[in-house]
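Here's the letter readout for the chains.
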Amino acid sequence: MRAPAASPPKTIDEYMARAPPHFRTTLKQLRKTIKTAAPRAQEVISYGMPAFKQDGMLVYYAAFKDHCSLFIASDKIRKQFAAELKPFAAGKGTHQLTPEKPIPPGLVARIVKARVAENAARRHE
């Protein structure tokens, strides 16, 4: 008989508490960088992961067994930053990072700001 699956986290803090301990600092830094770049964005849990939304989804992030991932909710923005994100690419829309190999905070901030601008422009079309 299989043990019942844990219910998905309901808050970002609950997600952080459940994340592998060696990734918590990395996740907290990512969260802080995103919040600073998009101070009006709302933090949510979506697809069981922490995410930020403002006029639509901006980015998601998550911890896994051996890495963390940043998911950019836009093909256009992924393509715009493709060269800088290449060392972190792990599949369409997925960018992996670790405490030893973080995505530079300045790059994360530029991506988030580009997503905010993209969503705002789409909202005013």
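Residues numbered from 1 in each chain as written. Predicted model: local features only at pLDDT ≥ 70, side-chain atom pairs only at ≥ 80, totals over all residues. Heavy atoms only, no water.

Scanning all chains against the criterion turns up seven salt bridges. Ionic pairing is found between Glu-118 and Arg-115, a salt bridge with its closest N-O pair at 2.2 Å. Of this pair, Glu-118 and Arg-115 both sit in helix H5 (residues 105–123), three residues apart, which is roughly one turn of that helix. Pair check on accessibility: Glu-118 and Arg-115 agree, each one buried. Taken together, the shared-partner salt bridges connect Asp-13, Arg-31, Lys-35 and Glu-43 into one network. (Salt bridge = Lys/Arg side-chain N within 4 Å of Asp/Glu carboxyl O. Helix = DSSP H or I, 4+ residues; strand = E, 2+ residues; numbered from the N terminus. Buried < 20%, exposed > 50% of the residue type's maximum accessible area, 1.4 Å probe, protein only.)

A word on the pairing of strand E4 (residues 68–72). Of all five residues in E4, five are buried; the element is thus mostly enclosed. Both faces of E4 are covered, namely the face carrying Cys-68, Leu-70 and Ile-72 and the face carrying Ser-69 and Phe-71. Across five bridges, the pairing between strand E3 (residues 57–63) and E4 is antiparallel. Bridge pairing in E4 places Val-59 opposite Ile-72. Count of turn residues in the E3/E4 antiparallel hairpin: four residues. In this sheet, strand E6 (residues 94–97) lies alongside E4 in antiparallel orientation, the contact comprising four bridges. Looking across to E6, one finds that Cys-68 is bridged to Leu-97. (Pairing = 2+ DSSP bridges.)

Distances and angles like these do not, on their own, reveal function.
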